[in-house]
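One letter stands for each residue in the lines below.
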Amino acid sequence: MMIVALMAAAASTAFAGDSDVLKSILKTKSYAEAASLVSSSLSQLASPAEKAKAYNKLVDLAIDKVAKEQGTITSNQMAEQYGQGKVEPYDTAGFYDAVLNAFKAAEECEKYDIMPNEKGKVKPAFHNKNVQRLLGYRPRLIDGGIYYQNFDMKKAFAQLAEYVDSHNSSLFAEEIAKTPDENYTNMAYYAARFAYQNKDYDNVAVYANIAGQDEKLSSDATVLKLAALQQEIRTREDSLNYVKRLETDYAANPSNEMVLGTLLSMYASLNMNNEMNSLIEKTLAADPSNYTAWAMKGQNAMFAEQWDEAISCFEKALEKQPESAVALSMLGASLINKGAQAQERAAGRNGMIPSTAKDQIRPFYDRAKECLEKAKAADPTEQTSKWSYALDRCNYLLDSLK
């Protein structure tokens, strides 16, 4: 009798029905009601299998909404194409919200669905069904991002972030791997941009790092990432933490000159001159034609009024980037200062400059003017360089030698 009783107890446990909490969730008719119940009672569900079933109910309800609105969209397209039937209004925002809700719920369902059961085995009950019914809607997340970007940037970000996140989720990864996703890094870049506009700087880094995997987007992604990091700088300690992040990024990718330039500039602003000079020399030892290192070395020489050194450094920088308005304008300024220094010495106490001295000084100004005119052509609005004051000064000094 004892054995029979134990067997009966085991059987009642093994074949127990859904818990009362799960039954309540499964009876709901609206997504909002079901989502509220799942959120408030998730810990009361008896097992991972029940949690998976609860989240799958959310998928069902979200997909019902998606299907309803998709039906209207399809009917409207047919009416417009063939001139038959009536174009009906539909819930655009509700459609995109439901698509996002379906993906979010499906991924939560998957998390519990692939947990081992009481026998240690993984037997997902909803994986295949959710893949089949959701995968085709994944591009609608991009459409949702486009739809929301003009009036709700947080929702726009959520749509694109889900598109990117679903790329690597266990739910969709196998199917997505069969066909390369050409939108993956591009959408990650826009997700990072939207996150920046939302001042969600942690997510800027997350999605900018993904976008940076694409060589074409790497530079723009780095700009976003650095801009986000800079927004969080308030104290010297913040600045030092920023430097540490830059050092880590540069160590991982020493060919990224944008990170190198920002790191060198931060060293300079924090008076970390030993670190700055050490990195410049280390960079030039590895890459003797590195533009950023030569430009920064030239700038340091300018500040020290070492004009010959500055001129030499900017010339080397321009060998790598001959159209750089920044290097051209700083080379022009250095040439002007070298010429002005020589002019002051030649003038002496009486202020008169011998004609032979003028002939030696004028080539500095002529070359400076040539450099500054090139900088003006490359950067007419002075967005990156400051050539206008130097060019006016150059013209004035040339006139003084007539």
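The preceding data block contains the structure.
Residues numbered from 1 in each chain as written. Predicted model: local features only at pLDDT ≥ 70, side-chain atom pairs only at ≥ 80, totals over all residues. Heavy atoms only, no water.

Regarding its fold elements, the chain presents 20 helices and zero strands. Against the 2.2 N^0.38 benchmark of 21 Å for 402 residues, the chain shows a C-alpha radius of gyration of 33 Å, more extended than a compact globule. When its C-alpha atoms are laid out on the principal axes, the chain stretches across 120 × 65 × 35 Å. For the chain, with 402 residues in total, the buried portion stands at 43%. (Helix = DSSP H or I, 4+ residues; strand = E, 2+ residues; numbered from the N terminus. Rg over C-alpha atoms; globule rule 2.2 N^0.38 Å. Buried < 20%, exposed > 50% of the residue type's maximum accessible area, 1.4 Å probe, protein only.)

With respect to the secondary-structure elements, T222 resides in helix α12 (residues 218–231). Exposure remark for T222: the relative accessible area of 11% places this residue in the buried category. From its side chain, T222 meets the backbone oxygen of S218 in a polar contact 2.9 Å long. Not counting the four nearest positions on each side in its chain, T222 is found in contact with N256, M258 and V259. (Polar contact = N/O pair within 3.5 Å; in protein donor to acceptor, adjacent residues only side chain to side chain. Contact = heavy atoms within 4.5 Å.)

In contact at an axis separation of 10 Å, helix α5 (residues 92–113) and helix α7 (residues 138–148) are set at 135° when each is read in the N-to-C sense. The pairing of α5 with α7 is recorded here as oblique in orientation. Crossing hand, α5 versus α7: left-handed. Taken together, the residues of α7 that come into contact with α5 (itself represented by T92, A93, F95, Y96, D97, V99, L100 and F103) are R138, R140, L141, D143, G144, Y147 and Y148. (Axes fitted to C-alpha atoms, helices over the stretch in contact; angles between N-to-C directions. Parallel < 35°, antiparallel > 145°, perpendicular 65-115°, else oblique. Left-handed = near helix turned anticlockwise from the far one by under 90°.)

If you walk through the whole model with that rule in mind, you get eleven aromatic pairs. Each ring, one from F103 and one from F172, has its centre 5.3 Å from the other, and the planes form 35°; the classification is tilted. In this pair, F103 sits in helix α5 while F172 sits in the loop between α8 (153–167) and α9 (173–178), placing the two residues 69 residues apart along the sequence. For the residue pair F103 and F172, the accessibility class agrees, reading buried in each case. Between Y189 and Y190 the ring centres are 5.4 Å apart and the planes differ by 70°, which places this aromatic pair in the edge-to-face class. (Phe/Tyr/Trp six-rings, centres within 6.5 Å; stacked < 30°, edge-to-face > 60°.)

Before going further, it helps to examine the packing of α12 against helix α13 (residues 236–252). Contact geometry for α12 and α13: axes closest at 10 Å, N-to-C directions at 160°. It follows from the interaxial angle that α12 and α13 lie roughly antiparallel. Between α12 and α13 lies a crossing whose hand is right-handed. Where α12 approaches α13, its residues K225, L226, L229 and Q230 are matched on the opposing element by Y242, R245, L246 and D249. Among the residues making up the contact of α12 with α13, the classes are represented as four nonpolar, one polar and three charged. (Nonpolar A, V, L, I, M, F, W, Y, C, P; charged D, E, K, R; others polar.)

In this section: helix α16 (residues 291–303). An α-helical segment advances 3.6 residues per turn. Residues three or four places apart therefore align on the same side. Counted at 1.5 Å a residue, the expected span for α16 with its 13 residues is 18 Å, and the 19 Å between its end C-alpha atoms agrees. Listed as buried for α16 are Y291, T292, A293, W294, A295, M296, G298, A301 and M302. Contacts made by the buried residues of α16 are with α14 (257–269), α15 (273–286), α17 (307–320) and α18 (325–347). Two to three positions downstream of the cap, the backbone nitrogen of T292 sits 3.1 Å from a side-chain oxygen, assigning the N-cap of α16 to N290. E305 lies just past α16 and shows a positive phi near 55°. (Expected span 1.5 Å × (residues − 1).)

Counting residues in hydrophobic clusters, the biggest one holds 62 residues, and the most contacted among them are L134 and Y207. Ranked by the residues each element gives to this core, the list is headed by α5, at eleven residues. In this structure L134 touches V59, I63, A102, F103, A106 and F172, once residues within four positions along its chain are discounted. With 58 residues, the next largest nonpolar core counts M272, Y291, A327 and A357 among its residues. (Core = buried A, V, L, I, M, F, W, Y, C linked by side-chain atoms within 4.5 Å.)

A few words now on the state of the cysteines. In total, this model carries zero disulfides according to the counting rule given. Here C394 is not disulfide-linked; the sulfur of C371 is the nearest cysteine sulfur, at 9.4 Å. Judged by its relative accessible area of 0%, C394 is buried. (Disulfide = S-S within 2.5 Å.)

With that settled, the discussion passes to α7. Every buried residue of α7 is accounted for by R138, L141, I142, G144, G145 and Y148. Taken around the axis of α7, the buried residues stretch over an arc of 155°, which confines them to a single face. The secondary structure elements touched by the buried residues of α7 are α5, α6 (127–134), α8, α9 and α10 (184–197). (Arc of directions from axis to C-beta.)

So, on to unusual backbone geometry. Even without glycine at this site, K199 takes up a positive phi of about 60°. For K199, the position within the fold is in the loop between α10 and α11 (201–211). Under the relative-accessibility criterion, K199 is labelled exposed at 63%.

Before going further, it helps to examine the side chain of E162. With respect to the helices and strands, the residue E162 is situated in helix α8. In this structure E162 touches L100, F103, K104, E107 and L141, once residues within four positions along its chain are discounted.

To continue, consider the environment of R133. You can see R133 is positioned in helix α6. Residue R133 is classed as buried on the basis of its relative accessible area, which comes to 19%. When neighbours within four sequence positions are excluded, R133 is seen to be in contact with N56, V59, D60 and I63. Side-chain polar atoms of R133 contact the side chain of N130, separated by 2.9 Å.

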